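# Coordinates in review
One letter stands for each residue in the lines below.
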Amino acid sequence: MSESEDILLELEAVTIKFGGVVALDDVSMTIKKGEILGLIGPNGAGKTTCFNVITGVYAATSGTISLDGKSLAKRKRYQITKLGIARTFQNIRLFPSMSALDNVLVGADVHSKVGLLRALFRTPYFRRVEPENKRRAVELLELVGVGAQPDEISVNLSYGDQRRLEIARALATNPKLICLDEPAAGFNPAEKLRLMDLIRQIRDLGFTVLVVEHDMKLVMGVCDRIVVLEFGRKIAEGTPSEIQKNPAVIAAYLGTEEADDDAA
Amino acid sequence: MRAIKASQLLVVGVASALVLSACAAPADTTEGGSGSTESFSIAYQGPLTGADAKYGEYAKAGIEIALADYAAAYPDGPTVTAIYSDSQGDPAQAPALAADLINNADVLGVVGPAFSGETEATEPAYSEAGLVTVSPSATRVSLSEQGWSTFFRVVANDGAQAPAAAKLLTDVVGAKTVFVIDDASAYGVGLGDGIKDALGDKVIGSDSVEKGSTTDFSATVTKVTASGAEAVYYAGYATDAGLIQKQLTAAGFEGTYASGDGSLESTFIETAGEASEGAYLTAAAGAAGDDFVAKWDALTVSDKGSIGVYSTEAYDAAWVILSGIGEGNTTREDVLAWVAGYDAEGITKHIKFADNGEIDGAGGVYYYLVKDGDFEAPVAID
Amino acid sequence: MEFLIGNFAELTITGLVLGSVYALVALGYTLVYGVLQLINFAHSEVFMWGTYAVVWVLTLLGASGTSSLAGAAGYLAIALVAAVLMSGGVALIVERFAYRRLVRQNAPKYIILISAIGASFVLSEIMGLRDKIAGFLGLQGVLGDYVNNPRNTSTLPVEIKPEPVLQIGNYMVRDTELLIIISALIMMFVLDQFIRRTSFGRQIRAVAQDPEAASLMGANSTNVVRLTFLIGGVMAGVAATLYMIKVGATGFNVGFVLGVKAFTAAVLGGIGNLRGALLGGLILGIAENYASGILGSEWRDVTAFVLLVLVLLVRPSGLLGESLGRARA
Ligand SMILES: Nc1ncnc2c1ncn2[C@@H]1O[C@H](COP(=O)(O)OP(=O)(O)O)[C@@H](O)[C@H]1O
Ligand SMILES: [Mg+2]
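Criteria and thresholds
Residues numbered from 1 in each chain as written. Chains lettered and ligands numbered in written order. Predicted model: local features only at pLDDT ≥ 70, side-chain atom pairs only at ≥ 80, totals over all residues. Heavy atoms only, no water. Helix = DSSP H or I, 4+ residues; strand = E, 2+ residues; numbered from the N terminus. Buried < 20%, exposed > 50% of the residue type's maximum accessible area, 1.4 Å probe, protein only. Contact = heavy atoms within 4.5 Å. Areas by Shrake-Rupley, 256 points an atom, 1.4 Å probe, with all protein chains shown as cover. Lys, Arg positive; Asp, Glu negative; His and termini not counted. Charge placed at Lys NZ, Arg CZ, Asp CG, Glu CD. Patch = residues over 30% accessible without salt bridge, like charges linked within 9 Å, V, L, I, M, F, W, Y side chains within 5 Å. Salt bridge = Lys/Arg side-chain N within 4 Å of Asp/Glu carboxyl O. Pairing = 2+ DSSP bridges. Right-handed = clockwise from strand over helix to strand, strands pointing away. Near = heavy atom within 4 Å. Polar contact = N/O pair within 3.5 Å; in protein donor to acceptor, adjacent residues only side chain to side chain. Axes fitted to C-alpha atoms, helices over the stretch in contact; angles between N-to-C directions. Buried area = accessible area lost by both parts, 1.4 Å probe. Core = buried A, V, L, I, M, F, W, Y, C linked by side-chain atoms within 4.5 Å. Domains from an automatic or database assignment. Parallel < 35°, antiparallel > 145°, perpendicular 65-115°, else oblique. Nonpolar A, V, L, I, M, F, W, Y, C, P; charged D, E, K, R; others polar. Donors = N, O, S within 2.8 Å, 3.2 Å for Na, K, Ca; no water. Phe/Tyr/Trp six-rings, centres within 6.5 Å; stacked < 30°, edge-to-face > 60°. pLDDT = per-residue confidence, 0-100.

### Some words on the overall build of chain C
- Per the secondary structure count, chain C includes 14 helices and 6 strands.
- With the C-alpha coordinates aligned to their principal axes, the bounding extent of chain C is approximately 60 × 55 × 35 Å.
- Counting the 329 residues in chain C, one finds 60% classified as buried.
- At a minimum sequence separation of 6, the contacts of chain C that also span at least 24 residues come to 77%.
- Taken as a whole, chain C presents about 12700 Å² of accessible surface, with 68% of it coming from carbon and sulfur.
- Separation of charge centres in chain C, based on 22 positive and 18 negative side chains, amounts to 12 Å.

Structural data, given as structure tokens:
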């Protein structure tokens with residue numbers, strides 16, 4: 001098996017500028033199928049921007065991004081989602097007045113080709129797909145641990161449940177790659193432990209995971225490989241033990257935060 | 001243009017003998033020389049489109065016949081054409097159109113304005129410019145009380161229509177109680193108030209609906225049915241008049257429905273549908289005679305309007321101005337003086353104006369009954 | 001006041017009838033606002049075109065004379081289909097030409113607003129100048145009756161005679177009134193279920209609440225917006241049919257007044273909120289009737305807007321608030 005067949009997502013020399021700010025500067029990296037890749041770096045390093053350019057929120061100023069060898073340039077956000085990339089948000093972006101189940105179902109709708117006519121006339125296809133989506137959505141809610149309250153309006157859920165619900169919603173689009181932006185932000189140690197289990201479980205279900213996280217214990221404990229950004233540039237890449245020893249990484253984090261601290 | 005005129009001349013020359021003699025020029029005819037190279041215009045200001053477009057169409061018939069008669073009567077006079085200026089009967093749109101007419105030096109006189117509201121909005125400007133206006137159909141009483149030197153009308157005002165309409169309701173219809181509705185327009189309020197005054201304590205209730213602001217009159221309908229009125233008079237225009245009658249009938253009103261000259265056109269019957277059967281419409285305007293109809297039939301211009309209420313008044317108004325031009329009055333000042341001093345038989349009545357522009361000694365007021373989906377021949381009220 | 005009490009049932013029911021039409025048209029405003037946070041000023045014309053579809057299709061079918069409501073049921077069913085197709089189609093045209101490019105390019109709201117106002121004028125004047133347009137196309141001969149006198153009132157070729165069917169208080173409710181109120185309630189119920197229970201409704205709600213997150217969850221927002229306009233148009237088509245049954249006459253400029261009232265109803269109930277549109281429409285229809293009854297009919301518009309201002313002073317987001325749109329920041 002050649003190496004290129006293993007590669008799911010590839011960024012090549014991606015640069016993105018906002019006026020004078022260079023948020024990503026000539027970043028190249030790859031994510032292999034089935035791995036959990038950590039993306040770390042101090043605040044403002046460009047991690048969220050990296051998610052945004054992968055998911056089509058921003059267009060890269062230069063450079064290319066491809067999923068399974070298909071370029072993502074010129075594709076709309078919903079098309080990129082259809083192609084197999086899903087994400088969560090650093091600041092929770094659920095549909096606030098929809099139920100937990102409906103939030104997940106919005107994700108599930110991606111692949112069911114329910115056109116207006118099908119919905120209006122309740123064709124057999126529609127009648128088959130709708131319960132199937134619902135069953136899967138309930139499963140996903142259970143997987144992330146929100147299964148007890150499927151009909152609760154999402155704003156009324158606890159903070160932790162809202163974060164986990166976002167993961168379920170992203171998984172519902174049945175992505176090849178799921179990108180988690182600081183999924184443990186605001187979690188207590190017990191919750192973090194359960195989240196680590198969840199991330200591994202997700203990988204074991206066949207999804208590839210890209211995770212941005214400040215909590216070093218979590219990152220080191222769950223990731224197969226780690227990429228480090230600083231001021232928009234990639235300064236290191238390697239296994240957790242390699243990264244821990246990397247002098248550039250130590251320098252980048254020195255003074256900004258303790259390795260175990262999670263300054264948000 | 002020339003070709004059309006020639007053919008008009010031929011046909012009309014024969015058919016119009018009677019009216020020609022009736023409108024004979026005043027005694028001291030001074031031949032205006034050969035002004036045939038000159039050309040002037042008369043203008044019409046009124047609704048050619050919109051809910052009240054029928055009035056413009058009716059006026060057009062009268063004006064076109066008058067033009068044909070003019071060409072026959074004054075073969076050597078200046079060429080006169082008509083400019084039709086579409087105000088939609090709307091006081092808000094009329095001033096800009098009036099300004100255009102005032103700025104057009106060819107225009108020596110205006111047939112119109114058609115409605116009372118637009119007259120209020122434009123007459124000050126006409127008066128200032130000295131451009132004479134002769135309205136065939138603006139009937140609000142107060143129009144002649146403003147001191148406008150250019151205001152004339154060949155129709156009796158609502159001061160005549162209102163008492164006659166009241167008389168129709170009490171004597172002909174025999175109603176003991178009447179509900180009066182107006183449309184809050186200059187015309188509607190004036191006519192409605194006049195009828196209320198004339199009816200006195202027979203008025204059992206009244207309401208005012210804003211013209212064009214709704215198509216649902218259920219509250220008004222409830223008031224009428226709750227009042228137990230035997231008759232309803234609506235002072236307003238045709239579309240609303242039709243909608244109100246239709247909704248009254250649908251709500252079970254079985255009394256008599258009447259309205260004024262503002263509703264005397266086919267839109268009223270079309271809008272009210274079957275409910276319009278038996279409705280009475282009042283107007284200070286009689287029917288067009290057979291001669292008039294024959295002349296209209298003989299017209300060969302492509303758009304000659306159609307005959308309806310105030311067609312004959314429009315003819316008279318146009319003729320007052322046209323005969324002045326034919327007699328050699330070719331400035332606005334001269335035409336204004338000509339109209340003010342006019343004294344001759346018209347086709348609707350003898351035409352002579354009082355100082356305030358009212359017709360001296362008005363003709364009668366008539367009612368038109370709706371039967372089998374059409375207006376029956378007018379009957380004089382008295 | 002005595003009059004209001006003595007005729008309470010009649011004023012209430014006829015107010016509900018008018019309010020039902022307001023409510024159905026208000027839905028179009030509220031749906032588009034919910035999804036785009038924009039007022040679709042051309043929606044009144046979507047309704048107006050629907051009323052013409054009713055007139056035209058009945059003329060085409062050769063309907064004439066007078067008929068009871070039941071007797072005209074066949075004609076009316078066909079007219080309903082025609083009005084729904086016409087209004088739905090016009091709504092899609094508005095979306096395509098007045099909105100899509102501007103929304104996609106994130107144009108400032110006031111620009112899109114102006115574009116919608118322009119579309120409203122264009123649609124109304126196309127109707128008002130249809131004889132000339134047919135003339136340009138050389139179709140005046142073929143279209144004849146359908147395009148002649150375009151600025152005059154057009155009446156329904158078959159006249160529907162309402163019949164009393166049900167006594168409520170001291171008022172005999174007419175069959176047409178009953179039909180209008182019930183149809184409006186049914187349409188509202190169906191729409192409410194559609195938005196709440198189907199995957200399309202879910203997508204509309206998702207785009208309304210967070211368009212960016214929705215697109216990242218795979219919602220094609222262009223499709224969702226198009227669907228929203230279509231549903232608004234369909235509701236306007238139903239409203240147009242009911243309106244023609246009741247009023248029986250239309251004109252190229254009927255949209256304006258009704259549109260202003262329906263928009264008021266939408267704001268009154270809480271713009272962006274479907275149930276608010278229903279509530280706002282019904283309340284407005286009744287309030288106008290009561291005010292006309294107590295103060296005189298010339299006060300109906302004043303009352304409508306005083307009511308609106310009072311409600312907004314107490315509840316700035318309307319009676320039921322915005323639920324389709326962002327319930328919170
Ligand atoms: N839309 C934007 N406009 C301007 N600057 C932006 C935008 N998004 C991100 N940035 C800038 O890009 C840099 C990287 O931000 P971000 O990717 O959010 O960092 P991180 O997620 O690593 O904390 C910051 O300097 C930020 O201010
Ligand atoms: Mg970030």
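### Observations regarding a negative patch on the surface
Residues and elements named next belong to chain B.
- A surface patch of negative charge is lined by Glu277, Asp372, Asp374 and Glu376.
- If you trace the backbone, aspartate 374 turns up in strand β14 (residues 374–375).
- With a relative accessible area of 47%, aspartate 374 lands in the partly exposed category.

### Description of the pairing of strand β8 (residues 231–235) of chain B
Residues and elements named next belong to chain B.
- Of all 5 residues in β8, 5 are buried, a share of seventy percent or more.
- Pairing geometry for strand β6 (residues 178–182) and β8, over 5 bridges, is parallel. For valine 180, the partnering residue across the bridge sits in β8 and is tyrosine 233.
- In terms of handedness, the path from β8 via helix α9 (residues 238–250) over to strand β9 (residues 256–259) forms a crossover that is right-handed.

### Points about the site of ligand 1
Residues and elements named next belong to chain A.
- As a structural note, the neighbourhood of ligand 1 is formed by Phe18, Val21, Ala23, Asn43, Gly44, Ala45, Gly46, Lys47, Thr48, Thr49 and Tyr58.
- The contact in question runs from an oxygen atom of ligand 1 to an N or O atom on the backbone of glycine 46, over 2.9 Å.
- Take lysine 47: an N or O atom from its main chain is 2.8 Å from an oxygen atom of ligand 1.
- Considering ligand 1 on its own, with 560 Å² of exposed area, one finds that the protein chains cover 63% of that surface.
- Counting only elements with at least two residues in the shell around ligand 1, the list comes to β2 (21–32) and α2 (47–54).

### Structural notes on the sheet that holds strand β3 (residues 107–111) of chain B
All names here are of chain B.
- Spatially, β2-β1-β3-β4-β5 is the arrangement adopted by the 5 strands of the open sheet, whose pairing is parallel. Edge positions in the open sheet fall to β2 (79–86) and β5 (151–153), since each of these has one partner strand only. Across the sheet, the mean angle from the axis of one strand to that of its neighbour is 25 degrees, orientation sign disregarded.

### Considerations on the sheet that holds strand β10 (residues 233–238) of chain A
All names here are of chain A.
- Here we have 6 strands laid out as an open sheet, ordered β6-β7-β8-β3-β9-β10, and mixed in their pairing. Sheet topology places β6 (85–87) and β10 at the edges, where each strand pairs with a single neighbour. Strand after strand, the sheet turns through a mean of 20 degrees between neighbouring axes, direction not considered.
- Summarising the sheet, strand β7 (residues 177–181) and strand β8 (residues 208–212) pair through 5 bridges and their orientation is parallel. Residue pairing across strands places isoleucine 178 opposite valine 209, the latter belonging to β8.

### A look at unusual backbone geometry
Residues and elements named next belong to chain B.
- Cis geometry marks the peptide bond from glycine 112 to proline 113; its omega dihedral reads -10 degrees.
- Along the chain, the position of proline 113 falls in the loop between β3 and α5 (116–129).
- Unlike most non-glycine residues, aspartate 372 shows phi in positive territory, near 50 degrees.
- Along the chain, the position of aspartate 372 falls in the loop between β13 (366–371) and β14.

### What to know about the interface of chain B and chain C
- At the interface, 35 residues of chain B touch 29 residues of chain C.
- Counting each side, the surface lost to burial between chain B and chain C is near 2600 Å², with a carbon and sulfur contribution of 47%.
- The largest share of the area that chain B buries against chain C comes from Asp216, Thr222 and Glu274 of chain B, three residues that together contribute 19% of it.
- At the boundary of chain B and chain C, one finds 2 salt bridges.
- Between glutamate 274 of chain B and lysine 161 of chain C there is a salt bridge, and its shortest N-O distance comes to 3.3 Å.
- Taken together, the links from chain B to chain C amount to 15 residue pairs in polar contact (both at pLDDT 80 or more).

### Examining the nonpolar core
- Counting residues in each nonpolar core, the largest one holds 209 residues, and the members touching the most others are Ile42 and Val339 of chain B together with Phe47 of chain C.
- For this core, the leading source of residues is helix α2 (residues 8–36) of chain C, giving 17 residues.
- Each of domain 1 (39–156 + 290–352) and domain 2 (158–283) of chain B accounts for three or more of the residues forming this core.
- Contact partners of valine 339 of chain B, with chain neighbours within four places excluded, come to Val132, Val134, Phe152, Val320, Ile321 and Phe353 of chain B.
- Of all hydrophobic cores here, the second largest spans 46 residues; its members include Ile40, Ala168, Leu171 and Ile226 of chain A.

### A closer look at the packing of helix α8 (residues 175–197) of chain C against helix α11 (residues 221–246) of chain C
Residues and elements named next belong to chain C.
- Between α8 and α11, the shortest axis-to-axis distance is 10 Å and the interhelical angle comes to 175 degrees. By the angle between their axes, α8 is roughly antiparallel relative to α11. Contacts between α8 and α11 involve Thr176, Leu179, Ile180, Ser183, Ala184, Met187, Leu191 and Phe194 on the former and, on the latter, Ile231, Met235, Val238, Leu242, Ile245 and Lys246.
- In the contact of α8 with α11, the residues fall into 11 nonpolar, 2 polar and 1 charged.

### Comments concerning the coordination of the magnesium ion (ligand 2)
Residue and element names in this part refer to chain A.
- The coordination sphere of the magnesium ion (ligand 2), as far as protein atoms go, consists of Thr48 (OG1) and Gln90 (OE1), spread over 2.0 to 2.1 Å. Taken together, the residues span a long stretch of sequence, with threonine 48 in helix α2 and glutamine 90 in the loop between β6 and α4 (100–108) at a distance of 42 residues.
- Under the relative-accessibility criterion, threonine 48 is labelled partly exposed at 25%.

### Concerning the packing of aromatic side chains
- Using the criterion set out here, one finds 21 aromatic pairs over all chains in the structure.
- Measuring from ring centre to ring centre gives 5.0 Å for phenylalanine 18 of chain A and tyrosine 58 of chain A, while their planes differ by 75 degrees; the resulting arrangement is edge-to-face. A residue pair is termed long-range when its members are at least 10 positions apart, and phenylalanine 18 of chain A in strand β1 (residues 7–18) and tyrosine 58 of chain A in the loop between α2 and β4 (62–67) qualify at 40 residues.
- Among the aromatic residues, those joined into a ring-pair cluster are Tyr70, Tyr74, Phe292, Tyr315 and Trp319 of chain B.

### Section: the environment of alanine 53 of chain C
- By the secondary structure assignment, alanine 53 of chain C is in helix α3 (residues 43–60).
- The contact partners of alanine 53 of chain C, leaving out residues within four places of it in the chain, are Ala82, Ala83 and Met86 of chain C.

### Comments concerning the interface of chain C and chain A
- On the side of chain A, 29 residues touch chain C, which itself brings 26 residues to the contact.
- Taken together, both faces of the contact between chain C and chain A bury some 2600 Å²; the carbon and sulfur share is 60%.
- When the buried area of chain C at its contact with chain A is split by residue, Arg202, Leu216 and Met217 of chain C rank highest and sum to 30% of it.
- Inspection of the region where chain C meets chain A yields 5 salt bridges.
- Taken together, the elements giving at least two residues each to the side of chain C that touches chain A come down to α8, α9 (199–209), α10 (211–216) and α11 of chain C.

### Points about the domain arrangement of chain A
Residues and elements named next belong to chain A.
- Once the domains are mapped, chain A shows domain 1 (3–84 + 175–263) and domain 2 (97–172).
- The gap between the C-alpha centroids of domain 1 and domain 2 is 26 Å.
- Contacts between domain 1 and domain 2 engage 19 residues on the former and 11 residues on the latter.
- Considering only the surface of domain 1 that becomes buried against domain 2, Lys82, Phe187 and Leu198 emerge as the three largest contributors, covering 33% of it.
- Here domain 1 is connected to domain 2 by 1 salt bridge.
- Secondary-structure elements contributing two or more residues to the side of domain 1 that touches domain 2 are α3 (77–83), β7 and α8 (189–204).

### Regarding the confidence of the model for chain C
All names here are of chain C.
- For chain C, the mean per-residue pLDDT works out to 90, and 97% of the residues sit at or above 70.
- Across residues 325–329, confidence stays below pLDDT 50; counting only partners more than four residues off in sequence or on other chains, it has 13 contacts.
- For this predicted complex, the interface confidence comes out at an ipTM of 0.86, alongside a pTM of 0.83.

### Quick notes on the pairing of β6 of chain B
Residue and element names in this part refer to chain B.
- Within β6, 5 of the 5 residues are buried, which leaves it mostly tucked inside the rest of the structure.
- The pairing of β6 with strand β7 (residues 203–208) spans 5 bridges and is classified as parallel. Looking at β7, one finds that phenylalanine 179 is bridged to glycine 205.
- A crossover connection joins β6 to the parallel β7 through helix α7 (residues 186–199); in handedness this β-α-β unit is right-handed.

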